[in-house]
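Each chain, letter by letter, is given below.
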Amino acid sequence: MAVSGTNTFSQTRNDIINRALSILGVKTRGRALTAEEVNEASDALNLFVKGLKSEGVYLWKYAEGTLFLTVGQESYTLNGSTANASESFVETTASAAAVSGASSIVVTSATGFVIGYNIGIMQDDGDLFWTTISNIVGTTITLTVALTDDVSSSATVYVYQTKINRPEAISSCRRRDSSDYDTPMTEMARSDYFNLAQKTNTGQPTQYYYDKQLTYGTLYLYQAPDDATNTIKFTFQKMFFDFSSGTDSIDFPIEWAETLAFGLASRLCYDYGIDKTKAELIKRTADEMLRNLKGYDREESIYFVPTYNLYQ
């Protein structure tokens with residue numbers, strides 16, 4: 001027997017809602033759900049998914065980010081619009097010197113450069129100058145805002161498109177130097193960071209604290225960087241995307257589709273007056289599915305701790 005040769009099966013928000021209400025017996029063959037039923041189920045599904053954050057971190061929501069540093073700046077706001085931090089970027093160099101006030105630079109390669117992208121240029125004052133690209137002609141890049149200091153030939157140039165939105169959590173940070181050598185940083189507790197007497201001491205950052213708020217997160221570094229040629233590489237947890245329309249794909253691997261449907265059905269039992277016996281069966285099934293997937297989609301590490309016989 002031949003197999004399909006494809007593995008692209010997917011589910012949308014409405015697929016999950018239809019399956020959940022079929023489990024409850026609300027949706028029957030030949031009857032389309034009303035707009036009210038779909039809207040109420042969509043709200044319940046979004047609440048269910050948001051609550052899954054409390055269950056822990058799932059592998060597919062981990063990502064790697066890069067924070068570009070500013071000399072003397074100890075805190076960076078991660079909200080999709082403030083700090084220069086991105087999941088991916090292009091790095092090149094200036095192929096010719098430029099003077100302060102210049103509105104363009106010439107780069108070694110413009111591959112990956114797009115009008116409107118963010119561009120960071122290492123100036124002779126030792127800091128990165130950030131603006132956006134307003135035009136590209138060959139390897140000549142026109143800047144939206146003019147340079148504030150001279151730029152040397154071979155100066156580092158970074159370009160990226162999208163800033164990182166508020167991470168749910170940051171699990172590790174590494175300081176990467178200009179030779180691409182990574183040094184792990186130590187996470188600090190909130191009280192330890194804010195109890196520091198002088199938070200603006202400059203040097204090589206060796207510690208960090210991440211403060212997650214409702215609409216933004218702040219990454220605090222200690223010490224404040226004295227070298228903008230370094231970057232901070234960090235592992236972070238992304239937020240789950242909302243279900244906004246019926247055709248939105250689920251922000252989960254496909255093996256989660258049935259679990260989401262049963263979890264949603266369990267949460268709608270009260271709304272639809274499902275009898276206790278059936279409601280308990282649906283809940284047990286949903287809980288079992290969730291337990292199985294939580295173990296499957298998590299990273300597991302085993303640590304061996306040596307023991308010593310002090311009397312040998």
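What counts, and where the lines are drawn
Residues numbered from 1 in each chain as written. Predicted model: local features only at pLDDT ≥ 70, side-chain atom pairs only at ≥ 80, totals over all residues. Heavy atoms only, no water. 1 Å grid on protein atoms, 1.4 Å probe; cavity = no way out; pocket = protein on both sides within 12 Å on 5 of 7 lines; lining within 4 Å. Points joined across faces, edges and corners; volume = space filled by probe spheres on them. Nonpolar A, V, L, I, M, F, W, Y, C, P; charged D, E, K, R; others polar. Helix = DSSP H or I, 4+ residues; strand = E, 2+ residues; numbered from the N terminus. Core = buried A, V, L, I, M, F, W, Y, C linked by side-chain atoms within 4.5 Å. Buried < 20%, exposed > 50% of the residue type's maximum accessible area, 1.4 Å probe, protein only. Contact = heavy atoms within 4.5 Å. Pairing = 2+ DSSP bridges. Expected span 1.5 Å × (residues − 1). Arc of directions from axis to C-beta.

### Examining the layout of surface pockets
- Approximately 340 Å³ is the volume found for the largest pocket.
- Forming the walls of the largest pocket are 19 residues, and the residues nearest its centre are Glu-87, Ile-164, Asn-165, Lys-238 and Phe-241.
- Here the residues of the lining of the largest pocket sort into eight nonpolar, five polar and six charged.
- As a volume, the second largest pocket reaches approximately 220 Å³.
- In terms of lining residues, the second largest pocket is bounded by Phe-89, Glu-91, Met-122, Thr-156, Tyr-158, Arg-176, Asp-177, Ser-178, Asp-180, Thr-229, Thr-231 and Lys-233.
- Of all the secondary-structure elements, those providing two or more residues to the lining of the second largest pocket are strand S9 (156–160) and strand S17 (231–237).
- Its residues placed into classes, the lining of the second largest pocket shows three nonpolar, four polar and five charged.

### Brief notes about the nonpolar core
- Counting residues in hydrophobic clusters, the biggest one holds 35 residues, and the most contacted among them are Ile-16, Leu-24, Leu-52, Phe-252, Trp-256, Leu-260 and Leu-264.
- Listed by contribution, the elements that provide at least two residues to this core are helix H1 (13–24), helix H2 (35–51), helix H4 (257–268) and helix H5 (276–296).
- Per-element tally for this core: the top contributor is H4, with seven residues.
- Residue contacts for Leu-52: discarding those within four places in its chain leaves Tyr-58, Phe-240, Phe-252, Trp-256, Leu-260 and Leu-290.
- With 26 residues, the next largest nonpolar core counts Ala-102, Phe-113, Tyr-117 and Ile-119 among its residues.

### So, the pairing of strand S15 (residues 217–222)
- Of all six residues in S15, six are buried; the element is thus mostly enclosed.
- Neither face of S15 is left uncovered, since the one carrying Gly-217, Leu-219 and Leu-221 and the one carrying Thr-218, Tyr-220 and Tyr-222 both have all their residues buried.
- As paired elements, strand S2 (residues 75–78) and S15 share four bridges and run antiparallel to each other. Across the sheet, residue Leu-78 finds its bridge partner in S15, namely Gly-217.

### Quick word on the sheet that holds strand S11 (residues 182–184)
- Overall, antiparallel pairing links the five strands, which are arranged S3-S1-S17-S10-S11 in an open sheet. The sheet is open, and its two edges are formed by strand S3 (85–86) and S11, each paired on a single side.
- Where strand S10 (residues 169–176) lies against S11, three bridges are found, and the strand directions are antiparallel. What sits directly across from Arg-176, in S11, is Asp-182.

### Focus: the environment of Gly-80
- Structurally, the position occupied by Gly-80 is in the loop between S2 and S3.
- With 84 residues separating them in the primary sequence, Gly-80 and Ile-164 have C-alpha atoms 4.9 Å apart.
- Contact partners of Gly-80, with chain neighbours within four places excluded, come to Lys-163, Ile-164 and Asn-165.

### Let's talk about H1
- Compared with the 16 Å implied by 1.5 Å per residue over 12 residues, the 17 Å span of H1 between its first and last C-alpha is a close match.
- The complete set of buried residues in H1 reads Arg-13, Ile-16, Ile-17, Ala-20, Leu-21, Ile-23 and Leu-24. Projected down its long axis, H1 carries its buried residues within an arc of 150 degrees, all on one side.
- Directly beyond the C-terminal end of H1, a positive phi value near 85 degrees is found at Gly-25.

### So, H4
- Given a rise of 1.5 Å per residue, 12 residues ought to cover 16 Å, and the 17 Å separating the end C-alpha atoms of H4 matches this to within 8%.
- Among the 12 residues that make up H4, 10 are buried, leaving the element largely enclosed by the rest of the structure.
- By the burial criterion, the buried members of H4 are Ala-257, Thr-259, Leu-260, Ala-261, Phe-262, Gly-263, Leu-264, Ala-265, Ser-266 and Leu-268.

### Concerning the pairing of strand S6 (residues 118–122)
- Across the five residues that make up S6, a large majority, five, are buried.
- Direction of pairing for S6 relative to S9: antiparallel, over a ladder of four bridges. Across the sheet, residue Ile-119 finds its bridge partner in S9, namely Val-159.
- As paired strands, S6 and strand S7 (residues 128–137) are joined by five bridges and run antiparallel to one another. Note that in S7 the partner of Ile-121 across the bridge is Phe-129.
- Adjacent in sequence and paired antiparallel, S6 and S7 are bridged by five residues, among which Gly-126 carries a positive phi angle near 90 degrees.

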